[in-house]
Amino acid sequence: MASNENMTLNLKIWRQSNSTAEGKLVDYRVDNVSPDMSFLEMIDVLNEQLINKGEDRIAFDHDCREGICGMCSMMINGKAHGGFKSTTTCQVHMRLYKNGDTIVIEPFRATAFPIIKDLTVNRGAIDKVMAAGGYISASTGNAPDANAMLIPKPIADEAMDAAACIGCGACVASCPNGSGMLFMGAKISQLALLPQGQPEAPRRALNMVHTHDTLGFGNCTNHAECEATCPKSISIEHIARMNREYLKAAFSYHEKKRSDGGA
Amino acid sequence: MTFKLDPKIPEGPLSEKWSKHKFESKRVNPANKRKFTVIVVGTGLAGGSAAATLAELGYNVLSFCIQDTPRRAHSIAAQGGINGAKNYTNDGDSVKNLFYDTIKGGDYRSREANVYRLAEVANNIIDQMVSQGVPFAREYGGYLDNRSFGGAQVSRTFYARGQTGQQLLLGAYSGMMKMVAKGKIKQYIRREMMDLVTINGKARGIIVRNLVTGELERYAADAVLLCTGGYGNVFYLSTNAQHSNVTASWRCYKRGAGFANPCFTQIHPTCIPVHGDYQSKLTLMSESLRNDGRVWVPKKENDPRKPADIPEEERDYYLERIYPSFGNLAPRDVSSRQAKFRCDEGKGVGPTKQAVYLDFRDAIKRDGLETIAGRYGNLFEMYERITADDPYKTPMMIFPAVHYTMGGLWVDYNLMSTIPGLHVLGEANFSDHGANRLGASALMQGLADGYFVIPYTLSNYLASTPLEQVTTEDNAFKDAEEAVKIQTNKLLAIKGKKSASEFHKQLGHYMWDYVGMSRSEAGLKKAIDGIRKLKEEFWQNVNVPGDTSNYNLELHKAARVADFIELGELMALDALERNESCGGHFREEYQTSDNEAKRDDEKFTHAAVWEYTGVNSSPVRHTEELKFENVKLATRSYK
């Protein structure tokens, strides 16, 4: 723990009034920061000061404030979510900083994530990749008994490791190529590990990867920055599994266009 | 205007009501479904599952969420699990058992037929989620694992580590995304519902604010599904997400939807205690921790010693002492109240003395560190991150916090409110949890409503109701939009001295002190008086900088706080009128000699349903009698 005393911090925060305006870093000072505050609570305090002066508050995304919704985003001192192990921005606490520190706060930056305002970016591209195949087509009402399909515990556990992705986009923001391969790989891997996901596995890998590539995400060149900053510690092994799934599918999977209608 | 409260419970024996109702419901032919448009507001478990399922059936779905993607809805934060009556553990569980536990858990203030249906479809939910790839915890043999939750004596809770809500929500979200790709769901993100539009007495559309552009938008449909969650944030500090709010429900209330049992609030016993005035939210520690953690306080008042220095005989494991048969897994309302009593006696721990210990020492000794880490590792990490204390070494400190609201818009058996066409699902409605919700039941209800109830009841509505053609150019849309504009301009014009958050905090103090874990006539009157004054001050002194031309977060917040203030008053009024104690509603005047809730079944076996009657007149309290034909009303004992 760095400090038990209240601190004064110097912040440099990216301000940009809308998606087309020019942005810049603006200096702010916040006094009386308690070490028990969360990072977002510290910005709340600053925002209250701005509101009281009749100024526009800093726009940032957040919701659950317990590290699970994936909405908070922010580069803190150049690292997604501040670069602390397995931690989202909302779970960063000010005890990790010390009195007099200067902290630079910027939005997630990636071609696929255009800025909306200040620290808020549009991560709709993640939804588009998911819509391309990040699901199992099991319409409501079809399901057999839950125990009809046995899944070994280690497989279920590994699928869960991948499924833990919160879709925050830190992997994209921290990748030098702006690649979305970690969040996408996690979903492809989760569903490829499970027997329920098998029927659609090749289709899923082909469609998701193709969609990913059209949305402005870059490719993976094994920097592993994504794994290092992922707040859920998702391993790049899932990218490897995705690559295997993709290759398998690219060589062996064909869907014939059919127009015979059937009965 | 006055509404009829016909719950429309089907005739026949309890276990046959739902099948009979489904059979008798009218259906919309598959080819005709594409002629109907349904608005679904909210994308949590209820909204997400409803949107996906209705789209699969062929309806055109317009889905709205306040966040930047449907996957962020606050269902995602549910940790512990979801109940089902599979009896995989061979401990004697059954649909009837789950039904009975849920009715008793709600302290006999919920509707029998709804709760039975919930228990009946619970097993289908587990099947459905597994088939969608939700990685539930499993045994080495490959079978699903179960654990126990409060208020039950069987192991019926399915879980995915401490992230069950996340996994279920991502399941529902993935179903939605599939239908988005097929063009059957149109997704509207960063939108907030500002009003309901009714035409000829039926819900036919909504007005939303596009949060990014600031513009108001109109959407028309054949039915509206409100899946907007609970209103726990009326307390300012709660375990809810920052954007969870009552505005959508409240605007529907003002348009004529009855608001039922607004005072029924769940205060969850195991949350991380409040530590400062700047705090924006409280974090829940899953109830599952009480499977192995033991709750205690020092026997001595104001004991300054560290927990490790307090010998066994000087510790009061009060839940085990008072409730020997349920022990640490006593239900939430009961456990919360007991924690409050201990702190009131001066036995609270930690710097604020508003906390009790949740101790894993004995469990670690018994099962080993690795086993405990396997069960709760992520929760322990989360605790340490927030408090800088290591729960493997020192007991957690916990205190109750507002978590869930059992009250909500009144719905009949078909999940339809008092406004025809307006259906309310999940936490936003009032129907299934009575005066207290058991753990692992919220996920169950959200998904039951969305996957397995609304598809049937909505088709019955659409097939049997004459629906005229409407467009967003109709006067009703123009008028509703105009009303929102007027309110918005008023908020922006005040330019007072206090921020919306300051008002919200003040409201929170009234709510927590007088409408929280323990309520009294004098306190409730004080709250009503204080909240009325607060409302007056708000409309004279709130400061909302900026305008409507862009992403004005302060404007969004102020509009929500305005509605929370009005809701707070109604909650206090409802609590004042309910002269009994039941579940989470504890009136100090009505308790047994050993401080347990004392119900008054003769006078209060009903849901209180409030009708809005205008700005300057008091709301009217109606009642729906709750008839118990299958369960005998008994004192709810966990001893």
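Cut-offs applied
- Residues numbered from 1 in each chain as written.
- Chains lettered and ligands numbered in written order.
- Predicted model: local features only at pLDDT ≥ 70, side-chain atom pairs only at ≥ 80, totals over all residues.
- Helix = DSSP H or I, 4+ residues; strand = E, 2+ residues; numbered from the N terminus.
- Rg over C-alpha atoms; globule rule 2.2 N^0.38 Å.
- Buried ≥ 20, exposed ≤ 12 C-beta atoms within 10 Å, placed from the backbone.
- Contact = placed C-beta atoms within 7 Å.
- Pairing = 2+ DSSP bridges.
- Axes fitted to C-alpha atoms, helices over the stretch in contact; angles between N-to-C directions.
- Nonpolar A, V, L, I, M, F, W, Y, C, P; charged D, E, K, R; others polar.
- Expected span 1.5 Å × (residues − 1).
- Arc of directions from axis to C-beta.
- Core = buried A, V, L, I, M, F, W, Y, C linked by C-beta atoms within 7 Å.
- pLDDT = per-residue confidence, 0-100.
- Parallel < 35°, antiparallel > 145°, perpendicular 65-115°, else oblique.

The helix and strand inventory of chain B stands at 17 helices and 19 strands. In terms of overall size, chain B behaves like a compact globule, its C-alpha atoms giving a radius of gyration of 24 Å where 639 residues would be expected to give roughly 26 Å. Within chain B, the proportion of its 639 residues that are buried is 60%. A fraction of 74% describes how many contacts in chain B between residues 6 or more apart in sequence connect residues 24 or more apart.

Here we have five strands laid out as an open sheet, ordered β2-β1-β5-β3-β4 (chain A), and mixed in their pairing. Only two strands of the sheet have a single neighbouring strand rather than two, namely β2 (24–33) and β4 (79–80) of chain A.

Turning next to the sheet that holds strand β17 (residues 422–424) of chain B. All names here are of chain B. In space, the five strands of this open sheet follow the order β5-β2-β1-β9-β17, with parallel pairing throughout. One side of each edge strand has no neighbouring strand; the edge strands of this open sheet are β5 (185–188) and β17. Mean inter-strand twist for the sheet, computed between neighbouring axes without regard to direction, equals 20 degrees. In the sheet, strand β2 (residues 60–64) pairs with β5 via four bridges, with the strands oriented parallel. By the bridge assignment for β5, Phe64 is matched with Tyr188. Where helix α3 (residues 45–57) meets the sheet, it contacts β1 (37–41), β2, β5 and β9 (223–226), and its direction lies at approximately 165 degrees from that of β1. Its contacts with the sheet put helix α12 (residues 442–464) on β9 and β17, and the angle it makes with β9 is roughly 155 degrees.

Once that is clear, we can look at unusual backbone geometry. Residue and element names in this part refer to chain A. The backbone phi angle of Ser86 is positive, close to 50 degrees, even though this residue is not glycine. Mapped onto the elements of the fold, Ser86 is located in the loop between β4 and β5 (102–106). You will see that Asn222, though not glycine, has its phi angle at about 60 degrees, which is positive. Mapped onto the secondary structure, Asn222 falls in the loop between α6 (201–214) and α7 (225–229).

Each side of the interface is counted separately: chain B has 63 residues, and chain A has 68 residues. Looking at the side of chain B that touches chain A, the elements with two or more residues in it are α3, α5 (112–131), α6 (164–181), α11 (369–387) and α16 (553–577) of chain B. A per-element tally of the side of chain B that touches chain A places α6 of chain B first, with nine residues. Grouping the amino acids of the side of chain B that touches chain A by side-chain chemistry returns 24 nonpolar, 27 polar and twelve charged.

What follows covers the pairing of strand β6 (residues 191–199) of chain B. Residues and elements named next belong to chain B. The element β6 is largely enclosed, with a buried count of eight among its nine residues. For β6 and strand β7 (residues 202–210), the ladder comprises eight bridges, and the chain directions are antiparallel. When the bridges of β7 are listed, Arg191 appears paired with Asn210. Counted along the chain from β6 to the antiparallel partner β7, the turn is two residues long, and its residue Asn200 has a positive phi close to 50 degrees.

This paragraph deals with helix α15 (residues 521–541) of chain B. All names here are of chain B. Helix length check: α15, at 21 residues, gives a terminal C-alpha distance of 30 Å against a target of 30 Å (1.5 Å per residue), a fit within 8%. Taken as a whole, α15 has its buried residues at Gly523, Leu524, Ala527, Ile528, Ile531 and Phe538. Taken down its axis, α15 places every buried residue within 140 degrees of arc, on the same side. Every exposed residue of α15 that faces more than 90 degrees away from the buried side is listed here: Ala522, Lys533, Glu536 and Gln540.

Further remarks concern the nonpolar core. All names here are of chain B. Residues Leu225, Leu226 and Leu409 are the most contacted members of the largest nonpolar core, which totals 283 residues. A per-element tally of this core places α16 first, with 14 residues. Not counting residues up to four positions away in its chain, the partners in contact with Leu225 are Val38, Ile39, Val40, Val41, Ala50, His423, Leu425 and Ile454.

Below, the discussion takes up the environment of Glu158 of chain A. Position of Glu158 of chain A relative to the elements: it lies in helix α3 (residues 153–163). When the C-alpha atoms of Glu158 of chain A and Ile116 of chain A are compared, they prove to be 36 Å apart, with 42 residues separating the residues in sequence.

Residues and elements named next belong to chain B. Listed as buried for helix α4 (residues 95–105) are Leu98, Phe99, Asp101, Thr102, Ile103, Lys104 and Gly105. The secondary structure elements touched by the buried residues of α4 are β3 (82–83) and α5. Taken from the residues just after α4, Asp107 is the one with a positive phi, measuring 55 degrees.

Now for the environment of Ser288 of chain B. Residues and elements named next belong to chain B. Within the element layout of this structure, Ser288 appears in the loop between β11 (265–271) and β12 (294–298). Placed 208 residues apart in sequence, Ser288 and Gly80 show a C-alpha to C-alpha distance of 5.7 Å. The contacts of Ser288, once residues within four sequence positions are left out, are Gly80, Gly81, Arg147 and Phe149.

What follows concerns the confidence of the model for chain B. Across chain B, the average pLDDT comes to 96, with 100% of residues at 70 or higher. Across the whole predicted complex the pTM is 0.97, and at the interface the ipTM reaches 0.97.

Following both chains from N to C, one finds helix α2 (residues 124–131) of chain A and α6 of chain B inclined at 85 degrees, their axes separated by 8 Å at the closest point. As the angle between them shows, α2 of chain A and α6 of chain B are arranged roughly perpendicular. In this structure, α2 of chain A contributes Asp127, Met130 and Ala131 of chain A to the contact, and α6 of chain B contributes Ser174, Met177, Val180 and Ala181 of chain B. Counted by class, the contact of α2 of chain A with α6 of chain B contains five nonpolar, one polar and one charged residues.

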